[in-house]
2 protein chains.
Amino acid sequence: MGTGPLHKFPKTTTIQDTRHHHPRNRLTRSSCSRVSTAESSQTTCYPRPRPNRHFQALTSINNTHPAHAKLRRKARIFTMSKSTIAIIAAVSAGAGAAATVAMFSMRPGKQAEAPSPITTAPKPLSAPKPLSAPTPTAPAARDAPVNPAGLFEYGFPGPVSDLAARTALVSSYDRRLRNPHWVAEHITPQSLAQRDGDRKHSAFLEDPQVPEAFRAKLNDYFRSGYDRGHQVPAADAKWSQGAMDDTFYLSNMCPQVGEGFNRDYWAHLEDFCRRLTQLYPSVRIVTGPLYLPKRDPADGKWYTTYEVIGNPPNIAVPTHFYKVIFAEDGTVGGKVALGAFVLPNARIPNEKPLTDFEVPVEAVERASGLEFATKLPVQRRKRLCADTNCSLVIKEYADRQKAFTKGPRNPGS
Amino acid sequence: MGTGPLHKFPKTTTIQDTRHHHPRNRLTRSSCSRVSTAESSQTTCYPRPRPNRHFQALTSINNTHPAHAKLRRKARIFTMSKSTIAIIAAVSAGAGAAATVAMFSMRPGKQAEAPSPITTAPKPLSAPKPLSAPTPTAPAARDAPVNPAGLFEYGFPGPVSDLAARTALVSSYDRRLRNPHWVAEHITPQSLAQRDGDRKHSAFLEDPQVPEAFRAKLNDYFRSGYDRGHQVPAADAKWSQGAMDDTFYLSNMCPQVGEGFNRDYWAHLEDFCRRLTQLYPSVRIVTGPLYLPKRDPADGKWYTTYEVIGNPPNIAVPTHFYKVIFAEDGTVGGKVALGAFVLPNARIPNEKPLTDFEVPVEAVERASGLEFATKLPVQRRKRLCADTNCSLVIKEYADRQKAFTKGPRNPGS
């Protein structure tokens with residue numbers, strides 16, 4: 001666009017979806033495949049789908065019909081189709097709350113097998129598995145008339161995940177959605193007992209380790225309606241001012257609903273994690289955003305929808321957040337109590353049990369595209385919520401709510 | 001959920017967004033930040049936003065008011081606010097077509113500067129820039145009571161992009177959305193002249209290089225209503241059967257609208273790329289999906305919405321696709337004609353000019369989180385559509401449409 005030379009194009013260009021027709025309004029078509037060649041083209045089509053009534057029934061159990069009452073409090077196993085077993089764990093919504101239905105499905109064959117135990121013990125404190133990938137052939141493969149990898153002469157496209165190792169946390173950044181992929185922290189009774197950092201001296205900062213064009217900006221959050229929600233909580237890094245400052249980079253933030261979530265239920269979950277150190281001498285927590293699809297009752301299809309804040313739009317507002325918790329027994333090669341939780345980015349009533357949000361680690365893996373415990377042998381694993389009582393302590397925080405507006409205003413806001 | 005031991009959780013669990021309240025229905029709130037500590041919590045809030053009328057006017061120029069007629073064919077510069085200059089390139093929609101508005105904004109300061117020329121010439125045929133990242137501190141940083149990187153004892157979370165170097169293409173895979181991040185190919189007059197591969201002998205294949213849990217499946221496309229759309233076209237890899245087979249992995253596919261897009265306008269664009277070899281002895285093309293936000297006129301906010309196909313939902317349906325084209329002059333260190341195009345995943349009328357979809361490379365970079373020409377000095381760059389006529393040849397393909405159903409059905413369908 002424009003007629004100027006290419007290098008004069010502004011750096012921070014933004015493009016948007018401006019299709020007239022919302023994708024949801026698109027007619028259902030048969031499924032076809034085109035293979036075009038210079039000589040001919042051909043298309044193969046599948047017939048129009050019949051609605052899967054089993055599936056519809058399963059995904060609509062979250063309604064208010066009395067016959068579904070029991071389902072709302074219990075996980076059940078259904079026969080979904082000849083080749084699919086679905087376990088639906090549905091929970092009722094409190095007044096005005098978002099409900100959570102976690103659907104776990106299992107396909108026959110390889111996937112249905114329990115993971116085979118890993119017999120070689122992982123090295124303690126090993127460096128991260130390198131972002132390994134086959135080295136593209138450069139120069140061209142033998143006898144090939146082309147060399148696709150020659151592109152890298154102009155730079156490797158990425159994606160680069162801006163892995164940042166700070167004192168208080170390690171984080172991986174999503175340059176496309178301008179949120180972290182994940183942030184990892186470590187807390188112990190000793191680290192929480194040390195109190196040399198104070199949030200009064202910390203300020204929210206754009207992360208200079210992320211290139212300008214992909215960086216989350218303070219301005220993006222300004223008047224967005226969302227909190228700058230810490231993923232590694234500031235309160236977990238009070239052992240030094242530097243550690244606390246580490247948690248204030250926007251690469252450790254996501255847009256979170258404030259009232260009823262970031263300032264309430266999510267804060268209680270963070271407190272739950274800290275209280276685990278009363279039982280486990282070492283606790284590791286991985287936290288991050290999710291962007292989950294939702295079934296549209298109008299057409300039965302699944303859609304992911306999320307807001308993008310900033311002007312021009314820059315930061316995605318996650319639909320959900322996960323925490324994967326590793327509670328260690330303090331011995332090398334010892335047992336690890338593993339727990340995973342997925343919470344909607346929405347107001348959640350305090351009385352909702354935390355276990356309603358418990359999911360298998362594999363569910364977080366599939367939703368995030370990440371892997372969390374590939375090197376943890378099954379015989380070392382325990383289920384956190386079987387090992388301890390997974391419940392929140394609310395009162396303490398409810399009292400603090402009253403003091404919310406009394407404290408000094410944060411200089412970074 | 002459930003009471004069984006953790007290792008019995010099925011591998012292919014899926015979780016969805018089941019919030020009762022659609023995020024769009026959420027009330028606008030002031031923007032607040034919570035900093036909670038053991039001693040106190042505090043919240044800082046911004047006031048409710050005033051609508052930016054300049055911005056509203058700019059993003060709604062795609063209507064039919066006569067006063068906006070000129071805008072629809074021309075890029076214009078507006079003063080958007082004190083700190084933002086927006087260049088809006090708006091084009092009119094054909095009858096029944098999706099319109100494309102590309103909005104480029106420029107912030108003052110660092111970003112507004114033209115990129116400084118890179119004086120060191122890139123090495124020809126250099127290996128890809130490694131997926132470099134700072135090595136997390138393991139063991140713990142000096143004097144720190146914690147060691148966040150100790151997590152990697154259990155495996156590195158990723159994301160892993162499954163870089164695959166095949167004879168015909170190099171691809172990078174998005175494990176979360178089950179589409180490629182990008183695919184890179186190379187075509188020359190000689191490679192297109194060789195005809196040893198035939199699509200009749202190729203079959204669509206799930207990519208075994210992608211782990212099962214994150215793999216796009218043939219079943220996901222079945223009856224989805226979308227084509228399995230080649231990103232590197234099969235017709236570009238006819239120089240050997242193996243090369244053509246390489247293009248049939250689902251890691252080279254995205255769900256594409258068939259009629260009016262994959263089988264029409266998109267196919268014409270692929271043909272345009274091949275015809276470039278009549279002018280340039282070597283052409284490199286990077287292709288991939290985008291998931292762009294769209295402004296909701298109801299609340300003025302930006303939302304990204306895309307369908308997810310499969311049962312359980314598995315593969316995201318991109319809202320747009322990009323092609324970044326490097327047309328080389330065949331000399332080492334010579335000029336490179338650079339062009340970038342972003343097309344909606346929707347029916348596009350053949351009469352729509354290709355230049356309507358031309359965007360700066362930086363716009364694709366910001367939307368995808370990738371980088372395409374970081375090592376290409378500005379003095380080596382030319383703008384493709386200034387160097388040659390960026391227009392499609394339709395007739396040839398229109399004729400082929402008639403033969404669409406006559407050919408043999410593809411064995412992989």
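Residues numbered from 1 in each chain as written. Chains lettered and ligands numbered in written order. Predicted model: local features only at pLDDT ≥ 70, side-chain atom pairs only at ≥ 80, totals over all residues. Heavy atoms only, no water.

Chain A is annotated in an unreviewed UniProt entry as Mitochondrial nuclease-like protein of Podospora appendiculata. What UniProt states about chain A under its Subunit (unreviewed entry) heading is, verbatim, "Homodimer." Here chain A is described in UniProt, under the heading Sequence similarities (unreviewed entry), as follows: "Belongs to the DNA/RNA non-specific endonuclease family." (UniProt positions renumbered as here; feature names shortened; annotations may be inferred.)

On a plain count of helices and strands, chain A comes out with eight helices and 18 strands. A buried classification covers 62% of the 413 residues belonging to chain A. Taking the contacts inside chain A whose residues are at least 6 apart along the sequence as the reference set, 65% of them involve residues at least 24 apart. Surface summary for chain A: the accessible area is close to 15,700 Å², and the carbon and sulfur share equals 54%. (Helix = DSSP H or I, 4+ residues; strand = E, 2+ residues; numbered from the N terminus. Buried < 20%, exposed > 50% of the residue type's maximum accessible area, 1.4 Å probe, protein only. Contact = heavy atoms within 4.5 Å. Areas by Shrake-Rupley, 256 points an atom, 1.4 Å probe, with all protein chains shown as cover.)

The tally for this structure, following the rule as stated, stands at 15 cavities of 30 Å³ or more. Size it by volume and the largest cavity reaches roughly 380 Å³. As for the largest cavity, its lining consists of 30 residues, and the residues nearest its centre are D174(A), R176(A), H181(A), D174(B) and H181(B). Every element with two or more residues in the lining of the largest cavity is listed here: β8 (170-174) and β9 (179-187) of chain A together with β8 (170-174), β9 (179-187), β12 (282-290) and α6 (361-368) of chain B. Across the lining of the largest cavity, the residue classes break down as 16 nonpolar, eight polar and six charged. (1 Å grid on protein atoms, 1.4 Å probe; cavity = no way out; pocket = protein on both sides within 12 Å on 5 of 7 lines; lining within 4 Å. Points joined across faces, edges and corners; volume = space filled by probe spheres on them. Nonpolar A, V, L, I, M, F, W, Y, C, P; charged D, E, K, R; others polar.)

With that settled, the discussion passes to helix α6 (residues 361-368) of chain A. Owing to its 3.6 residues per turn, the α-helix brings residues three or four apart onto one side. All names here are of chain A. Here α6 lies mainly inside the structure; eight of its eight residues are buried. Of all the positions in α6, only V361, E362, A363, V364, E365, R366, A367 and S368 are classed as buried. Backbone geometry just after α6 places G369 at a positive phi near 75°.

A few words now on the sheet that holds strand β7 (residues 164-165) of chain B. Residues and elements named next belong to chain B. Pairing is mixed in the open sheet, where seven strands are placed in the order β7-β8-β9-β12-β16-β17-β18. Two strands bound the open sheet, and with one partner strand each, they are β7 and β18 (381-383). Bridge count for β12 against strand β16 (residues 320-328) is nine bridges, and the pairing is antiparallel. Bridge assignment links S282 to a residue of β16, and that residue is E328. Helix α5 (residues 258-275) contacts β9, β12, β16 and β17 (336-344) of the sheet and is inclined by roughly 15° relative to β16. (Pairing = 2+ DSSP bridges. Axes fitted to C-alpha atoms, helices over the stretch in contact; angles between N-to-C directions.)

Residues and elements named next belong to chain A. By the alternation rule, side chains of strand β10 (residues 227-230) split into D227 and G229 and R228 and H230, which are all buried. Sheet topology note: the β10/strand β11 (residues 253-256) ladder contains four bridges and is antiparallel. Within β11, the position partnered with G229 by the bridge is C254.

Our focus in this paragraph is the packing of aromatic side chains. Applying the stated criterion across every chain, the model contains 25 aromatic pairs over all chains. Through a chain of ring-to-ring contacts, three or more aromatic side chains come together here, namely Y291(A), Y306(A), Y291(B) and Y306(B). Between R166(A) and the ring centre of Y249(A), over which it is positioned, the NZ or CZ distance is 3.8 Å. Between R228(A) and the ring centre of F204(A), over which it is positioned, the NZ or CZ distance is 3.8 Å. (Phe/Tyr/Trp six-rings, centres within 6.5 Å; stacked < 30°, edge-to-face > 60°. Lys NZ or Arg CZ within 6 Å of the ring centre and 35° of its normal.)

By the element assignment, N314(A) lies in the loop between β14 (302-309) and β15 (315-316). N314(A) sits 93 residues away from Y221(A) along the chain, and the two C-alpha atoms are 9.6 Å apart. Once you skip the residues sitting within four places of it in the chain, N314(A) turns out to touch L177(A), R178(A), R215(A), A216(A), K217(A), D220(A), V308(A), I309(A) and R366(B). One polar contact links N314(A) to D220(A), side chain to side chain, over a distance of 2.6 Å. (Polar contact = N/O pair within 3.5 Å; in protein donor to acceptor, adjacent residues only side chain to side chain.)

Time to look at the state of the cysteines. All names here are of chain A. Scanning the entire structure with this criterion turns up two disulfides over all chains. Disulfide pairing is shown between C385 and C390; the S-S distance is 2.1 Å. Residues C385 and C390 are joined by a disulfide whose S-S torsion is about -95°; by sign, that bridge is left-handed. One exposure class covers both C385 and C390, and it is buried. With no disulfide of its own, C273 has C390 as its nearest cysteine by sulfur position, at a separation of 9.4 Å. (Disulfide = S-S within 2.5 Å.)

All names here are of chain A. The sheet built from seven strands is open, its strands ordered β7-β8-β9-β12-β16-β17-β18 with mixed pairing. Looking along the sheet, the strands with just one partner apiece sit at the ends: β7 (164-165) and β18 (381-383). With respect to the sheet, helix α5 (residues 258-275) is in contact with β9, β12 (282-290), β16 (320-328) and β17 (336-344), its orientation differing from that of β16 by roughly 15°. Sheet contacts for α6: β12, β16, β17 and β18; angle to β17, the most-contacted strand, approximately 50°.

Below, the discussion takes up the pattern of salt bridges. All names here are of chain A. Per the counting criterion, the structure on display carries 31 salt bridges over all chains. In this structure, the salt-bridge partner of D227 is R263, at a minimum N-O distance of 2.7 Å. One end of the pair, D227, is in strand β10; the other, R263, is in helix α5, with 36 residues separating them in the sequence. Like D227, the residue R263 is buried in the burial classification. (Salt bridge = Lys/Arg side-chain N within 4 Å of Asp/Glu carboxyl O.)

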